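Working through the structure, step by step
Residues per chain are reported as follows:
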Amino acid sequence: MYFDTLTLAAVADELRATIVGGRVQRVVRPNALSIALEIYNRGRRHHLLMSAHPQHARVHLLGARASRGVEGETPMLLLMRKYVLGGHILGIEQPDLERIILLSIAKGPAARNTGDPAPDEPEEQLDELHRTELVVEAMDRRSNIILVGDDNIIKESVRHVSPLMSRRPVQPREPYELPPRQDKLNPRRATAAGLQHLAETTAEADFARALVSAYSGLSPQVAREVVFRATGAAKAAPAPDLPFEPIVAALHQILAGPWQPTLARGPEGAPLAYAPYPLAHLGGGEPQPSMSAALEAFYAAREQLTSHAQRRAALAVALGETRERLDRQRRQLAEQMQQASTLDRTRWEGEMIYAFLHSIRPGQIELEVEGEKIALNPGLTPVENAQARFRTYDKAKGALAHVPELLAATEARIAGLDERLALLAIADSFDQIEEIAREAEDQDYLKPSGKKRLKLRRQPPLRTTSSDGYTIYVGRSASQNEHVTFHVAAPDDLWLHVRGIPGAHVVIKGGDGVPERTIHEAAALAAYFSSARGEAAADVEVARRKHVRRVPGGPTGLVTYRSERSVRAAPQLPR
């Protein structure tokens, strides 16, 4: 789901109307990646949740007080109590078209309001007025909550980001910098002529995706809604005959508001999507009293905020950090691969020096061959110059010999980790979460915790029956994916997986002659048990099981396949 810039803008307007001027009288951490504030303003208590969850980052008001979930006095919590607890909210700011919100807070004698009730938690009193900013960056895996002093120096953050992890470190005692802006166009200045030019020049096959790539602040959901309002379909191929005037009018209408908080539900009544505008491409949706109410309903159903949600969040953070480390390794190996192109040049120079030995004079500093210039060391003989090239070539070639293999293995590990992160996000029981955690430890994605493992009941794959009576199996972990694909499925059974997105392996038992209705029902399950669960629809690949192969040396559950066809299906729960 997309907590995008428009959703945040709607929330920011709600916060300006409810908590600006209020006093923070309670600070808690519901889990390791979130902070909740209780704010008293104009005779009412308001409960604000801020989350840096890698998949569910968000900011919104809650209908009830948030419960304390993290025990112990963490540095972030101690500094929040010192500089935020008892302080007053001075203002709310959102940089234009960014998923960032800044809460300006003042605490000290000049900011006190003796008419407010006493806080529920210990409050450290300050003799001088202190101003701080609480910055929430709701940017998926890079999400963070940062406490920044009036001198623009970071006091603490929920997640520390070192210079080795990012070019933009986030650490205590470092200056705070806003994330760099993307080099994209401003959608408020979009014109029909500009959209037509985009349609004529984009490499994207879907115009909604082209809009996301070209314009700042547009999530895929916004782009689909804009295209749907103008064309009647959420997906349209870029073409010169698209109705560009209605498309740009729909875009400006959504950007201009007014906000109309909406919650769309799936076939089973579960929240499917939210937005600060009617979701026409999802059937319109249900109007909500506020954007915060829509967000709370959506995430309460999605996360259920139970005890196992804390375990899920902590595991997601740990796996996310592992992915960042693997991605750094991948980039380093890719850079080493690029060095291979210079090796051929080094070898060629050595060969050319040997070929033209007869023409090289003592002390010559340069040899020109076929228009290319080769630098020579005048202190060496021509033969020594050539031999130096070959020694450099042999040494570098030996060092790079295993780089392609290491790069392929690292990319496979990243793909396997993405699969686990996707399955973790949709796991709906404690046992499923723990099974994913154990698989991650067994595959060396995580270090063993050292704690005695709880005895868990082995989780079987999901089994359901289609409308035509065919049995369908769904894997909900890497080991289950491996099991349904290579142990449950026969060679001629159908195998399904969402194209290019981590998720479940789905198998239809029955061999030849499976009806299209059953295939679409299985595809809907594959979409639901994948990272595309919050999408309107997803492309699902269908292949014979005999055309699916394990990735040699890859993580459990990682496969390749061929001879597939594609069907498009909306995510749907099993019947």
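Rules of the game
Residues numbered from 1 in each chain as written. Predicted model: local features only at pLDDT ≥ 70, side-chain atom pairs only at ≥ 80, totals over all residues. Heavy atoms only, no water. Pairing = 2+ DSSP bridges. Helix = DSSP H or I, 4+ residues; strand = E, 2+ residues; numbered from the N terminus. Phe/Tyr/Trp six-rings, centres within 6.5 Å; stacked < 30°, edge-to-face > 60°. Buried < 20%, exposed > 50% of the residue type's maximum accessible area, 1.4 Å probe, protein only. Polar contact = N/O pair within 3.5 Å; in protein donor to acceptor, adjacent residues only side chain to side chain.

Within a sheet, adjacent strands bond to each other through the backbone by hydrogen bonds, running parallel or antiparallel. Taken together, 3 strands build an open sheet; the order of strands is β11-β10-β12 and the sheet is antiparallel. The open sheet terminates on both sides in strands that have one partner only, identified here as β11 (271–275) and β12 (286–287). As paired elements, strand β10 (residues 262–265) and β12 share 2 bridges and run antiparallel to each other. Bridge pairing links Thr-262 to Pro-287 in β12.

Our focus in this paragraph is the packing of aromatic side chains. Considering all chains together, one arrives at 7 aromatic pairs under this definition. Measuring from ring centre to ring centre gives 6.1 Å for Phe-207 and Phe-244, while their planes differ by 70°; the resulting arrangement is edge-to-face. Residue Phe-207 is found in helix α4 (residues 207–214), and its partner Phe-244 is found in helix α6 (residues 244–256); the two are separated by 37 residues along the sequence. The class for Phe-207 is buried, based on a relative accessible area of 0%. Here the aromatic rings of Tyr-274 and Tyr-299 are separated by 5.7 Å at their centres, their planes lie at 55°, and the arrangement is tilted. Of the two residues, Tyr-274 sits in strand β11 while Tyr-299 sits in helix α7 (residues 291–303), which places them 25 residues apart along the sequence. Of the two residues, Tyr-274 and Tyr-299, neither departs from the other in class, the shared state being buried. An aromatic cluster is present here, built from Tyr-274, Phe-298 and Tyr-299 joined pairwise through their rings.

Extensive coverage of α4 is indicated by the burial of 6 of its 8 residues. Inspection of α4 places Phe-207, Ala-208, Ala-210, Leu-211, Val-212 and Ala-214 among the buried residues, and these make up the whole buried set. Where α4 begins, one side-chain oxygen reaches toward the backbone nitrogen of Ala-208, 3.3 Å away; that side chain belongs to Asp-206.

The buried count for strand β8 (residues 144–149) comes to 6 of 6 residues, which makes it a mostly enclosed element. Taking every second residue as pointing to the same face, both faces of β8 are buried, with Asn-144, Ile-146 and Val-148 on one and Ile-145, Leu-147 and Gly-149 on the other. Alignment of strand β7 (residues 130–137) against β8, held across 6 bridges, turns out to be antiparallel. Bridge pairing in β8 links Thr-132 to Gly-149. As consecutive antiparallel partners, β7 and β8 are separated by 6 residues, and within that stretch Asp-140 has a phi angle of approximately 55°, a positive value. From the end of β8 to the start of strand β9 (residues 154–157), which pair antiparallel, there are 4 residues, and Asn-152 there has a positive phi angle of about 65°.

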